[in-house]
Amino acid sequence: QVQLVESGGGLVQPGGSLRLSCAASGSMVRLDAMGWYRQAPGRQRDMVALITTSGATNYADSVKGRFTVSRDNAKNTVYLQMNSLKPEDTAVYYCYGRRTTTSNLTYTYWGRGTQVTVSS
C-alpha cells in the first residue's frame, strides 16, 4: 500500500508564495504520475498540476505561469511551488499518485490534504 503525506500548507497573503511537498511511502511501487488536486468548500475536486516520471507536466489554466510542479523520483516526492497566490487559490490541496501496471490497470492514491488559505 502506498501512503502519500503532504506538508507545507498554511495561511499566506495575496501575492505571496507557498511550497507544498508530498512524500510517498509504504510499498514502493513506481508511480508513473504524481501531482496535486484541490477542493474549495462547496466545489468539486479539480486537478491543479501533474507530472510524470519523465518530467512531462500538465497544469490547470487557472494556475499556469504561477505554479510549478516538480518531483524527485529518487525520493518519491512531488512538490508544488505556488507564487502570486490569489484568494481564489484557497482550498484543501491533495497529493495524488497514479500507478499503471503492465496490464494497463490503473491505481490511484490520495493524501489526506493540506489547507492553503490566501487572505489578507
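## Regarding unusual backbone geometry
Its identity is not glycine, yet Asn 76 carries a phi of approximately 50°, on the positive side. Along the chain, Asn 76 falls in the loop between β7 (67-72) and β8 (77-82). Since its relative accessible area comes to 16%, Asn 76 is described here as buried. Phi angles above zero are rare outside glycine, and Asn 104 is one such case at about 65°. As for its placement among the helices and strands, Asn 104 is situated in the loop between β9 (91-100) and β10 (106-110).

## Notes on the side chain of Thr 114
Within the element layout of this structure, Thr 114 appears in strand β11 (residues 114-118). Among the residues examined, Thr 114 registers a relative accessible area of 12% and is labelled buried. For Thr 114, the side chain forms a polar contact with the main-chain nitrogen of Gly 9, separated by 3.3 Å. Sequence-distant contacts of Thr 114, defined by excluding residues within four places in its chain, comprise Glu 6, Gly 9, Leu 20, Ala 91, Val 92 and Tyr 93.

How each quantity is defined
- Within each chain, residue numbers correspond to sequence positions counted from 1 in written order.
- Two thresholds apply to this predicted model, a pLDDT of at least 70 for residue-level local features and 80 or more for giving and counting side-chain atom pairs, whereas whole-chain, interface and lining totals are computed over all residues.
- Note: side-chain values were computed over all heavy atoms of the structure, leaving out hydrogens and water.
- Runs of H or I in DSSP of at least four residues are treated as helices and runs of E of at least two as strands, each being numbered from the N terminus.
- For each residue, the accessible area found with a 1.4 Å probe, counting protein chains only, is set against the maximum for its type, and the residue is called buried under 20%, exposed over 50%, and partly exposed in between.
- For this analysis, a polar contact is any N or O atom pair within 3.5 Å, provided that within protein one partner can donate a hydrogen and the other can accept it, and provided that sequence-adjacent residues contribute only side-chain to side-chain pairs.
- Contacts between residues were defined by any pair of non-hydrogen atoms, one from each residue, lying within 4.5 Å.

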